[in-house]
Amino acid sequence: MVSVVSDACVKCKSCVDVCPVDAFHEGETQLVIDPDTCISCGVCISECPQEAISPDDEADEKWVKFNAENAANWPNANE
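Residues numbered from 1 in each chain as written. Predicted model: local features only at pLDDT ≥ 70, side-chain atom pairs only at ≥ 80, totals over all residues. Heavy atoms only, no water.

Draft legend 1. Quick peek at unusual backbone geometry. Backbone geometry places aspartate 22, a non-glycine residue, at a positive phi of 55°. Among the structural elements, aspartate 22 can be located in the loop between α1 (14-18) and β2 (24-26). Given the relative accessible area of 37%, aspartate 22 is considered partly exposed. Residues other than glycine seldom take positive phi values, yet serine 40 does so here, at roughly 60°. By the element assignment, serine 40 lies in the loop between β3 (31-33) and α2 (43-47). Among the residues examined, serine 40 registers a relative accessible area of 34% and is labelled partly exposed. (Helix = DSSP H or I, 4+ residues; strand = E, 2+ residues; numbered from the N terminus. Buried < 20%, exposed > 50% of the residue type's maximum accessible area, 1.4 Å probe, protein only.)

Right under this line is the structure:
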């Protein structure tokens, strides 16, 4: 199960630092995870202080779609 970011994200970026595959992309006010890059390791879930990241099978479908669509358009958070 890939990880998904919800609107509880405040772009603190602590999750970006622990992601082994650079799956995070950065928008103006929040981050999203590229489902094609995420390896489902779950490290980011425990690192998020806002509890804004969850496995896709526990996330609202609108956030699964939001992450996938915006990851394709937003720059990688490590760039």
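More follows now that the structure is in view.
Draft legend 2. Main features of helix α3 (residues 61-71). Within the sequence span of α3, burial applies to Trp63, Asn67, Asn70 and Ala71. Take α3 and look down its axis: the buried residues cluster within an arc of 100°, on one side only. With respect to the buried face of α3, the exposed residues turned more than 90 degrees away are Glu61 and Lys62. Those residues of α3 hidden inside the fold are in contact with β1 (3-5), β2 and β3. (Arc of directions from axis to C-beta. Contact = heavy atoms within 4.5 Å.)

Draft legend 3. Local environment of the packing of aromatic side chains. Per the counting criterion, the structure on display carries two aromatic pairs. Note on tryptophan 63 and phenylalanine 66: the rings are 5.1 Å apart at their centroids and 80° apart in plane angle, and the pair reads as edge-to-face. Of this pair, tryptophan 63 and phenylalanine 66 both sit in helix α3, three residues apart, roughly one helical turn. Residue tryptophan 63 is classed as buried on the basis of its relative accessible area, which comes to 15%. Under the relative-accessibility criterion, phenylalanine 66 is labelled partly exposed at 25%. (Phe/Tyr/Trp six-rings, centres within 6.5 Å; stacked < 30°, edge-to-face > 60°.)

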